[in-house]
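Chain and residue survey
The primary structure of each chain is shown beneath.
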Amino acid sequence: MTDRYRSLIDGRWGAASDAVPNVNPSDLDDVVGLAPSADAATAQEAIAAARAAAPAWGDSTPETRATVLETASSEIRARQGELGTLLAREEGKPIAEATAEVGRAAHLLRFFAGEALRIGGELIPSVRPGMSVEVTREPVGVVGVITPWNFPIAIPTWKIAPALAWGNAVVFKPAESTPGSAEALVDILHRAGLPAGVLNLVHGSGSVVGQALTGSPDVDAVTFTGSVGVGRGVVASAAASGQRVQAEMGGKNPMVVLDDADLELAVEACANGAYFSTGQRCTASSRLIVTAGIHDRFVERLTERMRGMRVGHALDPATVVGPVVDERQLEQDLRYLRTAAEEGGDVIGGELVERATRGHFLSPALVLGTTPGMTINREEVFGPVASVIRVADYDEALAVANDTEFGLSAGICTTSLAAAKHFSRRAQAGMVMVNAPTAGVDYHVPFGGSKGSSYGPREQGSYAREFFSTVKTTYVNPGRV
Ligand code: TXE
């Protein structure tokens, strides 16, 4: 069945158009849907609708906002299987992971429903006699939401839900290759009781719709997740427009495995971190930094584990590693593997795989014998590819872990509490995982990185309020009492 997607502007669904086919990466003969590619004028209409709707939504009661988010959460939970199948079809994530991602969206909505009810302020005695100071939080106004394809329902939800909870209106531009999950989310929120114009969806390209958002004086804030190159451009353009901006970009996440690690636990954490979601996660464990005493045993066990991972159609329950999202990404993965071999790495796996359907199937790859300066250890691949760097000891492991322009997530496998605590303090990353994959984060705590990985305040959890609300300080002199 082929869906026909539409943009939602000021509470009205626009015309369908077949400009952009949404192709199933597990089966290139399956066109999941057809999406429009909006022009700049359509984006401006959406921005104007959001601008007009923002004041009333900002004045709505916390209960009104909480009820919309709670209602949407319940519908997503009730339709988890159906939405998981849609996500698996359009993005290629194995059905179990896709269904879990939909469940995560339901949890996020429920969490931010609670946050809407917890918005509070502070009352602080002034340094001046009689005066008091109120610190309150207000909506930012109109928020532009620009998202990638790799978590097509969770990432939009963790941006849109807090934006709505703190009383903002939204213009949402999803990734071109995953319009179906985006539209399902917007439809559910719209029917959950949002007034017209509070949430607008515009299908289209980054260079047209995305730039219309970052270039508009009527958009107060832009939240972006995607590649480093595009993210830096988004930050520059948004700043030039005087917008508040938040950008979550790439990672080159290190996973340190020390001699004293529990071998099976380390192998499992690395296999999961590197290859689940086809390695298409900004938090993927991509650099495995292994001390000499455990190196050979670790490599042998991880290679075995990797070779046992079934590559296949996302809807086949036996599949562990789904297809690569599209041809461009597949070419990028293969190019990085070729470069790794040319630079002296020993590539295991990384072969094209044939299945009953035509799809972008690539077996997981492990690159052995790499050094920190190789391209494979500098740039984000965004595929089922990890590299191994052998180091002498913990000190060298820490130095290599931090030898990157990125700083999203960093992991360590060790049974030493001292090493774990030291690594947690010294790893230059926004998130640290001890004896767990660098990927796989909770939905109610802060998410984000340091260095080149992130720009602006953290996403998720209560910390999301730093981006999605603004602080007002009011001085009150009661006069004579
Ligand atoms: O990301 P893009 P894409 C990496 C990964 C992948 C590559 C491309 O390496 O191969 O990025 O993926 C919108 N102004 N990551 O194409 O291009 C675009 O339409 C405003 C890593 O998905 O960064 C989409 O909605 N917006 C990453 C969004 O930005 C613009 C996750 C992301 O697109 C724009 C995904 C512009 N000028 C991909 N140009 C991670 N690490 O999490 C594009 N967009």
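Preceding this paragraph is the structure being described.
One structure accompanies this document, and this report is about it. These numbers come from a predicted model, not from an experiment.

What about the overall build of the protein chain?
Counting secondary structure elements, the protein chain contains 14 helices and 21 strands. For 481 residues, the compact-globule formula gives about 23 Å, and the C-alpha radius of gyration of the protein chain, at 23 Å, lands near that figure. Burial statistics for the protein chain: of 481 residues in total, 57% are counted as buried. Taking contacts inside the protein chain between residues at least 6 apart in sequence as the whole, the part at least 24 apart equals 73%. On the protein chain, roughly 18,500 Å² of surface is accessible, and the fraction owed to carbon and sulfur atoms is 53%. For the protein chain, the distance from the average position of its 42 positive side-chain charges to the average position of its 55 negative side-chain charges is 5 Å.

Brief notes about unusual backbone geometry
Residues other than glycine predominantly adopt negative phi, and peptide bonds predominantly adopt the trans conformation. A positive phi angle, near 55°, is found at Ser-277, a position not held by glycine. Positive phi values are uncommon outside glycine, yet Gln-460 reaches one of about 65°. Position of Gln-460 relative to the elements: it lies in the loop between β20 (454–455) and α14 (465–468).

Let's talk about helix α13 (residues 417–426)
Those residues of α13 that sit buried are Ala-419, Ala-420 and Phe-423. Down the axis of α13, the buried set is contained in an arc of 100°. They therefore lie on one face. In α13, the exposed positions angled more than 90 degrees off the buried face are occupied by Leu-417, Ala-418 and Arg-425. The opening residue of α13, the one whose side-chain oxygen lies 3.4 Å from the backbone nitrogen of Ala-418, is Ser-416.

As for the side chain of Gln-80
One can find Gln-80 in helix α3 (residues 80–91). Using a relative accessible area of 17% as the deciding quantity, one classes Gln-80 as buried. Of the polar contacts made by the side chain of Gln-80, one reaches the side chain of Arg-77; its length is 2.8 Å.

Quick word on the site of the ligand
Around the ligand, a shell composed of 26 residues is seen, among which Thr-147, Trp-149, Lys-173, Ser-227 and Gln-329 lie nearest. Glu-176 places a side-chain nitrogen or oxygen 2.9 Å from an oxygen atom of the ligand. A distance of 3.2 Å is found between a nitrogen atom of the ligand and a side-chain nitrogen or oxygen belonging to Gln-211. Contact with the protein chains hides 87% of the accessible area of the ligand, taken as 810 Å² for the molecule alone. Breaking the shell around the ligand down by element, the ones donating at least two residues are α7 (206–214), β11 (221–225), α8 (228–240) and α11 (327–342). Here the shell around the ligand is built from residues that sort into eleven nonpolar, eleven polar and four charged.

Some thoughts on the nonpolar core
Core analysis: the biggest nonpolar cluster contains 63 residues, and Leu-69, Phe-112, Ile-160, Leu-164 and Leu-189 have the highest contact counts within it. Per-element accounting of this core gives the leading share, ten residues, to helix α4 (residues 95–117). Leu-164 has contacts with Trp-57, Arg-65, Leu-69, Val-170, Leu-189, Leu-194 and Val-198, leaving out every residue within four places of it along the chain. Ala-261, Ala-269, Val-290 and Val-311 belong to the second largest nonpolar core, which has 29 residues in total.

Description of the side chain of Ser-60
You can see Ser-60 is positioned in the loop between α1 (40–59) and α2 (62–78). At a separation of 2.6 Å, a polar atom in the side chain of Ser-60 contacts the main-chain carbonyl oxygen of Trp-57.

Section: the sheet that holds strand β16 (residues 365–370)
Spatially, β15-β16-β17-β14-β13-β18-β19 is the arrangement adopted by the seven strands of the open sheet, whose pairing is mixed. Each having just a single partner strand, β15 (346–349) and β19 (431–434) make up the two edges of the open sheet. Neighbour-to-neighbour, the strand axes of the sheet open up by a mean angle of 20°, direction not taken into account. Alignment of strand β14 (residues 285–291) against strand β17 (residues 385–391), held across five bridges, turns out to be parallel. Bridging across to β17, Arg-287 finds its partner in Ser-387. Each of β13 (253–257), β14, β17 and β18 (409–413) is contacted by helix α12 (residues 394–402), which is oriented at about 160° to β14, the strand it contacts most.

Conventions used here
Residues numbered from 1 in each chain as written. Predicted model: local features only at pLDDT ≥ 70, side-chain atom pairs only at ≥ 80, totals over all residues. Heavy atoms only, no water. Helix = DSSP H or I, 4+ residues; strand = E, 2+ residues; numbered from the N terminus. Rg over C-alpha atoms; globule rule 2.2 N^0.38 Å. Buried < 20%, exposed > 50% of the residue type's maximum accessible area, 1.4 Å probe, protein only. Contact = heavy atoms within 4.5 Å. Areas by Shrake-Rupley, 256 points an atom, 1.4 Å probe, with all protein chains shown as cover. Lys, Arg positive; Asp, Glu negative; His and termini not counted. Charge placed at Lys NZ, Arg CZ, Asp CG, Glu CD. Arc of directions from axis to C-beta. Polar contact = N/O pair within 3.5 Å; in protein donor to acceptor, adjacent residues only side chain to side chain. Near = heavy atom within 4 Å. Nonpolar A, V, L, I, M, F, W, Y, C, P; charged D, E, K, R; others polar. Core = buried A, V, L, I, M, F, W, Y, C linked by side-chain atoms within 4.5 Å. Pairing = 2+ DSSP bridges. Axes fitted to C-alpha atoms, helices over the stretch in contact; angles between N-to-C directions.

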